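Below, each chain spelled out in residue letters.
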Amino acid sequence: RGAYDAPGEQVDRRLPQELASDWLSKSKTKRRDRRELAQWLTAPDNPLVSRVAVNRFWQAIFGVGIVATSEDVGMQGESPSHPKLLDYLARDFVESGWNVKALLKQIVMSATYRQSSQRRLDLEEIDPDNRMLAYFPPRRLEAEFVRDQALHAAGILNRDIGGPSAHPYQPANYYESLNFPMREYQADDGELQYRRGVYTHWQRTFLHPMMANFDAPSREECTAERTVSNTPQQALTLLNDPTFVEAARSLAGRTLQDFSTAPFEQQLEAAFMRVLSRAPETAEVSALANLHAAQLESYANSPAAAEQLAAVGNLPVDADLDPVQLAAWTQVARVLLNLNEAIVRY
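Now for a look at the structure at hand.

Points about the pattern of salt bridges
- In total, this model carries eleven salt bridges according to the counting rule given.
- In this structure, Arg51 engages Asp87 in a salt bridge whose closest nitrogen and oxygen atoms are separated by 2.9 Å. One end of the pair, Arg51, is in helix α3 (residues 48-62); the other, Asp87, is in helix α4 (residues 83-95), and 36 residues separate them in sequence.
- Here Asp87 falls in the partly exposed class, since its relative accessible area comes to 36%.
- Among the ionic pairs, Glu78 bridges to Arg131, the shortest N-O distance being 3.2 Å. Of this pair, Glu78 sits in the loop between α3 and α4 while Arg131 sits in the loop between α6 (111-114) and β3 (139-140); the two residues are 53 residues apart in sequence, bridging distant segments of the chain.
- Relative accessible area serves as the criterion here: at 36%, Glu78 is assigned to the partly exposed category.
- Residues joined in a network through salt bridges with shared partners are Arg278, Glu284 and Glu341.

Focus: the packing of helix α11 (residues 264-276) against helix α14 (residues 323-337)
- Where α11 contacts α14, the two axes come as close as 11 Å, and the packing angle between them is 35 degrees. By crossing handedness, the relation of α11 to α14 is classed as right-handed. Residues Phe264, Gln267, Leu268, Ala271, Phe272 and Val275 of α11 lie in contact with α14, whose contacting residues are Trp329, Val332, Leu336 and Leu337.
- Along the lines of polarity and charge, the residues of the contact of α11 with α14 split into nine nonpolar, one polar and no charged.

Conventions used here
Chains are numbered independently. Their residues run from 1 in the order of the written sequence. Reporting of local features is limited, given that this is a predicted model, to residues whose pLDDT is at least 70; pairs of side-chain atoms are given and counted only at 80 or more, and all residues count toward the totals for whole chains, interfaces and linings. The side-chain figures draw on all heavy atoms in the structure; neither hydrogens nor water molecules are used. Salt-bridge detection follows one rule: a side-chain nitrogen of Lys or Arg within 4 Å of a carboxyl oxygen of Asp or Glu. By definition, any uninterrupted DSSP run of H or I lasting at least four residues is a helix, any uninterrupted run of E lasting at least two residues is a strand, and each is numbered from the N terminus. Partly exposed describes any residue whose relative accessible area lies between the buried limit of under 20% and the exposed limit of over 50%, with all areas from a 1.4 Å probe on protein chains only and scaled to the type maximum. The axes used here are C-alpha line fits, helices contributing only the stretch in contact, and every angle between their N-to-C directions lies in the interval 0 to 180 degrees. Note: crossing handedness is left-handed where the near helix turns anticlockwise from the far helix by less than a right angle, and right-handed where it turns clockwise. Throughout, a contact is declared for two residues whenever any of their heavy atoms are within 4.5 Å. Charged residues are taken to be Asp, Glu, Lys and Arg, nonpolar residues to be Ala, Val, Leu, Ile, Met, Phe, Trp, Tyr, Cys and Pro, and polar residues to be all remaining types, Gly included.

Bear in mind that shape data such as this cannot, by itself, settle questions of function.
And the structure:
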């Protein structure tokens, strides 16, 4: 106890007395180790942990938990919108052996998840926040998933599990004001560059700029629910961040390789399926065909600009691809990765 410069009596590691007394009253061994605590937390007659876990998974999928106050599922939090559903999922979760994949499969195969995301205007007054889930609530992807989505569509996402942190491309001198010690950020080469966002290196208050722009927390304090915003700076990130430019170039290269002799319309349909999982509409084909033609002309008149675009990032460029065609198609791919549909779950 006491202050850092005036210590008092020594205090051993111990649980709060109220928690410890209930725990030890049910313990057979009277131990106070982590294994015993885990067994108590996950005991079949302790519903709290399973309810909180299920609520967090529901929040990750629908944006809002069955209990909206996911940071407080207790007496002071909001009552669950569907209490019987929460109890059922929590009990089933425990009986399945805490099988997360089975829980998520059960949720995403439900009619509630698979319904239309079209807003129900007839229910605006009755249920303005859609707590009854009359339609699927569209929600922008979290920061890590925004990057993963682009890398996945480009076919370069590294799916390795575990291992070292990743250092994606980052603006020069971003750590300039950091001291003790001074440090210089070094972006990774090779497969480490394309690791999933969950493995991105975090420098406390200097978290990766792309992550910060898409509302990732600084981790200075616990964050049970993230803010989800929609800003112009995010669109600029999707257009200009080297990670997304490189992803667009990879998507363009794969499209040209797989459909080298196909007309532009067929190439565009393949790219749409990779990014948006749907075919383009007539107006979209027309607009992007005009963009492609204009970019072809521009890069044909400026081959150096095409080479400069191909030099963004570390990913090797296929020497068999026409640099002008690749550059023009990269600009089309940048548009696709910047669409609202590419970063919003509908």
